[in-house]
Amino acid sequence: MTSPSPRAAPAIAVTGLRKSYAEHLVLGGIDLTVHHGTVFALLGPNGAGKTTTVQILSTLIHADGGEATLAGYDLNREPARVREVIGVTGQYSAADKLLTGWENLMLMADLYHLRRARAKERTAELLEQFGLAEAAGKLAATYSGGMQRKLDLAMTLVSEPQIIFLDEPTTGLDPRSRRTVWQIVKDLASSGVTIFLTTQYLEEADQLAGQIALLDHGTLIAQGTPDELKRMIPGGHIRLRFTDASTLSKARAVLGWGGGVGASRGWGGGVGASRGWGGGVGASRARPGKADEQALTLEVPTSGSVPELRGILTRLDDHGIDAAELTVHTPDLDDVFLTLTGN
Amino acid sequence: MLTSALADSVTMLRRNLKHMLRYPSMTLFMVVMPVLFLLLFVYILGGAIGPAGHTGRAAYATFITPGILALTAVAATTATAVSVASDMAGGIIARFRTMPIARVSMLAGHVGGAVIQTVLGMAAVTAIALLTGFRATTSATNWLAAAGILILFAFALTWLSVALGLAAKTVEAASNAPTPLIILPFLGSGFVLTHSMPTAIRWFAEYQPFTPVINTVRGLLTGGPIGRNAVIAIAWSLAITLGSYLWARKLFGRDPART
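Here we summarise the structure given alongside this text. (Residues numbered from 1 in each chain as written. Chains lettered and ligands numbered in written order. Predicted model: local features only at pLDDT ≥ 70, side-chain atom pairs only at ≥ 80, totals over all residues. Heavy atoms only, no water.)

**Points about the overall build of chain B**
And then number 1: Helix and strand content of chain B: 10 helices and 0 strands.
And then number 2: Listing the helices and strands of chain B from first to last along the sequence gives α-α-α-α-α-α-α-α-α-α.
And then number 3: Computed over C-alpha atoms, the radius of gyration of chain B comes to 19 Å, within 12% of the 18 Å expected from 2.2 N^0.38 for 259 residues, which places it in the range of a compact globule.
And then number 4: Referenced to the eigenvectors of the C-alpha coordinate spread, the extents of chain B come out at roughly 60 × 35 × 35 Å.
And then number 5: Residue burial in chain B is summarised as follows: out of 259 residues, 49% are buried.
And then number 6: Contacts in chain B between residues at least 24 apart in sequence constitute 79% of all its contacts with a sequence separation of at least 6. (Helix = DSSP H or I, 4+ residues; strand = E, 2+ residues; numbered from the N terminus. Rg over C-alpha atoms; globule rule 2.2 N^0.38 Å. Buried < 20%, exposed > 50% of the residue type's maximum accessible area, 1.4 Å probe, protein only. Contact = heavy atoms within 4.5 Å.)

The structure is reproduced here in structure tokens:
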């Protein structure tokens, strides 16, 4: 586990963080809390302010306003203390390309004032752990993108930081390297390190993080566990495809379905509960219940539960209506994100 | 705190020396450029333009070697500015900034590396100058004093080039920024005596920093008059160092530019 902070504070506590570049507002006052030993994902599209947030919290740039503590240390007043407990892997390679992998890690060890023997031991450990032992004697400039990212991560870990910032750790990586980085993050998380990562991939946040905050245009638009966020939008739906238009309209009648939003509420059994989360999410309500005359499909909102599906199919059966195809769509974070950002 | 700043500076210096070994073309340029000027002046122009009392190729080589050595310090500035600017453009400085490292060590590593590089370059240039006929008529003490003046001046130009490298927005801009310095040994006492110049240029030549440095080194190595040149040379070097250091520190202290 991570060593306890001087005050029993959360690993990261941020209030009212603001930053503008000239006229351009990048962060409009964000609040967030990350607890010790958890993985926190800041999720958002390009330009949302993710990198700026990491740069401020890792002491690289100054905020215009707001407070933050890391492991109990005040970001503005004790940046040197903060630097002792954090490790940062930025979006772009921060290895020295003219040094070998081994030399890069030893450079870090020297700068953290590790004793020579310990430095060599730690370097060997990390090269082994990240599968870089073979390439250790080669210049970092010759490394592939995936290897450079691994070297970057290894360099961040030399000092065994309590809090690790990963700014888009898998952007630009091929799928296999992405899996490797995910595994590294999971291993780190299970060792008790606190991880703050940014990503534009919903799948990544879902895979790795216990807590997710959605950032859009410098504002946090939602925060919660992946499940809580998924509950913020109406439930999933099934899509039924029919062979012809008359069957489609029959089905629509049978399912008590006018095609309008009002009718869809009737089906909201399992969905209604979750709608409490989606209070402000008007746009999403129009989505269920679409009948597409061209594609001959009917979308029926459901929670996706088996009894509910069976109910729908039984009613179609009772009226002798055959559906040509049925697909079940459960909500994922993409839906949450697209819904909340209104895109 | 001070010992860790020193330890960090040594670590950074080691890093920069490794860079020089891995990427020797900049170091090579630093020797080749002044040597080309040396050969050009001694063998092409030397027979015709030797200043009074320095006729003959060997005599002219002796006259211009102090200027060629000052030019070596200038040639090193490009390498330094480029290496600082490319460091800043890469991610590693951002990494260093988020680590508990004495900030001055990041610049000190560059300065230390560049000064060592310049001294080695000057030694190589001196060796080649000896082959072209340069002869010092002086004691070991004066050699050391001349070396001291040149190193102090190289130190000043290095801090200046670190600041220029930090101020440059791109690596290309950094490589051009110190270029105007190349003209200064020529607009001074490096290759001809200043009193042969037109009044306005002569006035500039006599007051710019390269002239007292070159005159002092020339006096120490070949036994000519030094006068107040040594004091002025040292004063210039210290002033350039201090001004450039403060400028560099201010530039480095800023939040890094948005990427």
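Resuming the write-up.
**Structural notes on the packing of helix H3 (residues 101–111) of chain A against helix H1 (residues 2–22) of chain B**
And then number 1: The interhelical angle for the contact between H3 of chain A and H1 of chain B, taken along N-to-C directions, is 160°, at an axis separation of 9 Å. Between H3 of chain A and H1 of chain B, the crossing angle belongs to the class labelled roughly antiparallel. For the crossing formed where H3 of chain A meets H1 of chain B, the hand is left-handed. Facing Glu103, Leu107, Asp110 and Leu111 of chain A of H3 of chain A, the residues of H1 of chain B in contact are Asp8, Thr11, Met12, Arg14, Arg15, Lys18 and Arg22 of chain B. (Axes fitted to C-alpha atoms, helices over the stretch in contact; angles between N-to-C directions. Parallel < 35°, antiparallel > 145°, perpendicular 65-115°, else oblique. Left-handed = near helix turned anticlockwise from the far one by under 90°.)

**Digging into the interface of chain A and chain B**
And then number 1: Listed by partner, the interface residues are 35 residues for chain A and 26 residues for chain B.
And then number 2: Together chain A and chain B conceal approximately 2,500 Å² of surface at their shared face, both sides included; 59% is due to carbon and sulfur atoms.
And then number 3: Glu103 of chain A is the partner of Arg22 of chain B in a salt bridge, and the nearest nitrogen-oxygen pair spans 2.8 Å.
And then number 4: Broken down by secondary-structure element, the contributors of at least two residues to the side of chain A that touches chain B are strand S1 (12–21), strand S2 (24–34), helix H2 (79–85), strand S6 (86–89), H3 and helix H5 (145–157) of chain A.
And then number 5: In terms of residue count, the dominant contributor to the side of chain A that touches chain B is H3 of chain A (6 residues).
And then number 6: Residue composition of the side of chain A that touches chain B, by class: 17 nonpolar, 11 polar and 7 charged. (Buried area = accessible area lost by both parts, 1.4 Å probe. Salt bridge = Lys/Arg side-chain N within 4 Å of Asp/Glu carboxyl O. Nonpolar A, V, L, I, M, F, W, Y, C, P; charged D, E, K, R; others polar.)

**Some words on the sheet that holds strand S12 (residues 291–292) of chain A**
All names here are of chain A.
And then number 1: Ordered by their spatial adjacency, 4 strands build an open sheet running S12-S13-S11-S14, and the pairing between neighbours is antiparallel. Since the sheet does not close on itself, it has two edges, and those belong to S12 and strand S14 (325–329), each with one partner.
And then number 2: The pairing of strand S11 (residues 237–241) with strand S13 (residues 297–301) spans 5 bridges and is classified as antiparallel. When the sheet's bridge partners are listed, Arg239 is paired in S13 with Glu299.
And then number 3: In the packing of helix H9 (residues 245–254) onto the sheet, contacts are made with S12 and S13, and the angle to S13 comes to roughly 20°.
And then number 4: Each of S11, S13 and S14 touches helix H13 (residues 306–318); the most contacted strand, S11, lies at about 25° to it. (Pairing = 2+ DSSP bridges.)

Nothing here speaks to function; it is all geometry.
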